[in-house]
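Architecture at a glance
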Amino acid sequence: MGKSADGKAYVITGTWDPTTPVFQMLNEDTPKDKQVFMTVAVDLVVTEVVEPVRFLMEAPVRVYPSNERFWYFSRKTFSETFYLKLKQQGGARGSQGDAMLEVVSLQRHSERTNGGRGRLQSPTEEEEPEEDSDSEISSGTGDVSKDCPEKILESWGSILNRWHSNLCVRPKGLSALVRPGVPEALRAEVWQLLSGCHSDQDLLERYRILITKDSAQEGVITRDIHRTFPAHDYFKDSNGDGQDSLYKICKAYSVYDEEIGYCQGQSFLAAVLLLHMPEEQAFCVLVKIMYEYGLRALYKNNFEELHCKFYQLERLLQEQLPELWSHFQEMNLEAHMYASQWFLTLFTAKFPLCMVFHITDLLLCEGLNIIFNVALALLKTSKEDLLQADFEGALKFFRVQLPKRYRAAENARRLMEQACNIKVPTKKLKKFEKEYQSLRESQLQQEDPIDRYQRENRRLQEASMRLEQENDDLAHELVTSKIALRNDLDQAEDKADALNKELLNTKQRLVETEEEKRRQEEETAQLKEVFRRELEKAESEIKKTTAIIAEYKQICSQLSTRLEKQQAATKEELDIVKSKVMSCERCREVFSKDGALQMPAALGESRRSEQDEEKDSLKAQLRELELELAQTKLQLVEAKCKIQELEHQRGVLMTEVQAAKNSWFSKTLGSLKTSSSNQTPPSPKEG
């Protein structure tokens with residue numbers, strides 16, 4: 001507790017015992033779906049105020065696992081402005097005669113801007129931006145134009161044709177084309193060519209193997225991918241294709257690079273690559289950037305190389321922007337407070353995509369030192385704003401206002417053009433690197449050996465704790481796997497027992513079904529025999545009926561012939577009698593001239609009656625014959641109908657028999673026979 005080094009602030013330090021039960025929450029990792037808030041209460045004794053004034057601040061905190069790397073040097077500071085309203089007590093005087101004051105109200109700045117509500121905001125309300133100017137833009141924002149002039153496309157076509165003819169050498173004029181930015185449609189191909197992974201089939205095959213392996217950092221990766229490019233449609237859906245591919249790439253790299261593993265910030269770079277190419281090629285380009293472009297060196301040796309980059313940036317700032325450098329020195333604003341994400345994520349975490357893609361173009365073409373060009377360009381364009389800002393204002397400017405300035409593609413284009421025009425000599429960077437190393441050596445020499453050993457001891461203890469935690473995790477995973485395998489084995493054995501019982505039941509049903517089938521076949525054979533007999537009987541009746549009809553037809557034919565013969569003979573006899581009568585003069589008188597017989601009335605009537613009787617008898621015989629013929633025909637039709645009915649019944653029975661053979665049950669029995677013949681039942685378990 002006391003004043004800060006610059007004398008502008010008063011430092012209050014609070015400590016607590018982590019073994020106290022009430023602080024148990026701060027000893028556990030914070031879940032990704034929960035928030036923990038810490039309330040700090042400070043009672044200040046203000047001169048001339050009757051009672052101490054209590055100031056309350058609520059800040060969100062997160063407890064990280066001991067084996068997780070995070071940017072401890074880029075933590076956001078939490079600040080709050082309070083407004084204290086006092087009034088003088090009537091007649092009250094202090095020991096020195098000063099007027100005594102009492103507190104009327106105590107308000108936060110956020111409360112005043114919300115209409116002067118006399119209550120503290122909830123933590124969720126504090127985190128929500130009050131206005132657009134105070135809110136950070138989400139990563140992955142911004143539209144990227146795919147339009148490109150035809151002349152530029154022709155130039156790129158010529159360059160690519162020459163490049164593909166000789167992949168080992170970059171064609172001349174490539175840097176001049178890359179500086180204005182690679183056309184969006186060509187970025188996938190150009191990035192792979194620039195990084196040299198266009199034909200690395202071994203790395204592609206290795207990726208397919210790496211994604212099948214387990215990683216000790218899967219929990220950290222899963223938590224990070226949900227906050228990577230949340231503003232982009234491809235990555236905003238949980239369990240979507242974008243997050244799934246991003247998880248695979250980060251997991252594969254954590255297995256591939258065992259020394260570094262996965263570090264926060266890698267997911268943003270992987271997401272940029274995924275927006276242009278499939279995950280296999282994106283993984284290959286990521287590996288090339290980490291190894292051949294030297295990005296992974298920033299994570300090694302407790303970020304020693306990263307701190308060297310910070311020193312180089314501060315020295316460049318001192319030479320090219322001395323006024324701004326002096327202002328930063330006065331505020332104790334160091335490079336790691338605002339530039340950590342610039343180096344570790346290559347500007348991908350905060351800036352719009354149109355600017356991020358252009359920086360990636362230059363990085364793959366020029367190398368990692370292009371970060372210095374972009375950083376100096378950002379500082380130059382923001383010089384006036386930064387010179388007017390205090391410490392908190394500068395940090396807020398870097399975090400909020402600066403990325404928003406380049407949401408417009410034209411602003412980003414002008415910034416990148418200015419970055420390309422800035423000269424950052426490689427010799428000067430090497431000189432600054434030697435200065436940093438000399439400075440570090442002198443610091444180590446001046447450092448108390450006990451402090452150095454204590455620091456080294458702490459580092460080794462942290463490494464030991466991390467390894468012990470990893471060992472515990474692996475042991476827990478092993479035990480869990482064994483338990484899971486034991487459970488799976490028990491379930492498999494139970495399932496095998498159930499299948500054996502089902503197989504026995506199925507065999508029993510198969511025997512019963514075969515018996516039922518045999519019984520139905522016997523019944524079918526009996527029905528066939530009955531129908532055969534009925535059919536033979538019907539056929540014999542048909543034959544008899546046919547014979548009777550034939551006989552009746554023959555009789556009718558004979559009767560007709562006899563009738564015709566009798567009529568002819570009668571006519572001949574009548575003609576003979578008539579001729580004889582006409583030859584007799586006495587008889588001639590009896591007949592008229594026209595041949596009609598003129599006989600006495602009584603005689604004529606008797607003859608007519610005899611003729612009528614004979615006709616009636618003949619008609620009666622004819623009607624009897626016709627009636628008998630009709631009955632015979634009716635019997636014939638009935639016999640035919642019966643035969644058709646028997647044939648129909650026979651066809652239905654044959655269809656039913658055939659359907660019974662092809663029924664689902666028969667098929668089921670066939671499949672059961674096949675499965676029982678192919679599957680050998682397991683031997684019963686020993687008691």
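To start, this report covers the structure provided alongside it. (Residues numbered from 1 in each chain as written. Predicted model: local features only at pLDDT ≥ 70, side-chain atom pairs only at ≥ 80, totals over all residues. Heavy atoms only, no water.)

1. Describing the pattern of salt bridges
Enumeration according to the criterion identifies 26 salt bridges in this entry. Residues Arg227 and Asp224 are paired through a salt bridge, measuring 2.6 Å at the closest nitrogen-oxygen approach. Overall, the relative accessible area of 34% leaves Arg227 in the partly exposed class. Of the charged contacts in the structure, one is a salt bridge between Arg296 and Glu259, with a shortest N-O distance of 3.3 Å. Of this pair, Arg296 sits in the loop between helix H10 (279–291) and helix H11 (304–320) while Glu259 sits in the loop between helix H8 (241–256) and helix H9 (266–274); the two residues are 37 residues apart in sequence, bridging distant segments of the chain. What makes Glu259 partly exposed here is its relative accessible area of 49%. Several salt bridges share partner residues, and in doing so they unite Asp257, Glu259, Arg296 and Lys300 into one network. (Salt bridge = Lys/Arg side-chain N within 4 Å of Asp/Glu carboxyl O. Buried < 20%, exposed > 50% of the residue type's maximum accessible area, 1.4 Å probe, protein only. Helix = DSSP H or I, 4+ residues; strand = E, 2+ residues; numbered from the N terminus.)

2. As for a nonpolar patch on the surface
On the surface, Tyr10, Ile12 and Leu44 cluster together to form a nonpolar patch covering roughly 300 Å² of accessible area. Counting through the fold element by element, Leu44 comes out in strand S3 (residues 36–44). What makes Leu44 partly exposed here is its relative accessible area of 36%. (Patch = residues over 30% accessible without salt bridge, like charges linked within 9 Å, V, L, I, M, F, W, Y side chains within 5 Å. Areas by Shrake-Rupley, 256 points an atom, 1.4 Å probe, with all protein chains shown as cover.)

3. Looking at the packing of H8 against H9
In a pair of packed helices, the angle between the axes and the distance between the axes together describe the arrangement. Put simply, H8 and H9 touch, their axes get as near as 10 Å, and they point 125° apart. Classified by the interaxial angle, the pair formed by H8 and H9 is oblique. By crossing handedness, the relation of H8 to H9 is classed as right-handed. Contacts from Gly242, Ser245, Leu246, Ile249, Cys250 and Tyr253 of H8 reach H9 at Gln266, Ser267, Ala270, Ala271 and Leu274. Classifying every residue of the contact of H8 with H9 by side-chain character gives seven nonpolar, four polar and no charged. (Axes fitted to C-alpha atoms, helices over the stretch in contact; angles between N-to-C directions. Parallel < 35°, antiparallel > 145°, perpendicular 65-115°, else oblique. Left-handed = near helix turned anticlockwise from the far one by under 90°. Contact = heavy atoms within 4.5 Å. Nonpolar A, V, L, I, M, F, W, Y, C, P; charged D, E, K, R; others polar.)

4. Some words on helix H6 (residues 201–210)
Three- or four-residue spacings in an α-helix give side chains the same orientation, since the helix completes a turn every 3.6 residues. Taken residue by residue, H6 has Leu203, Leu204, Tyr207 and Leu210 as its buried positions. Here the buried residues of H6 occupy an arc of 120° about the axis, which is enough to place them on one side. Buried residues along H6 sit against H8 and H10. (Arc of directions from axis to C-beta.)

5. Comments concerning the nonpolar core
Formed by 115 residues in total, the largest nonpolar core has its most connected members in Phe328, Tyr338, Trp342, Met355 and Leu378. Dropping the residues within four chain positions of it, Tyr338 is found in contact with Leu313, Leu317, Phe328, Leu333, Leu379 and Phe398. (Core = buried A, V, L, I, M, F, W, Y, C linked by side-chain atoms within 4.5 Å.)

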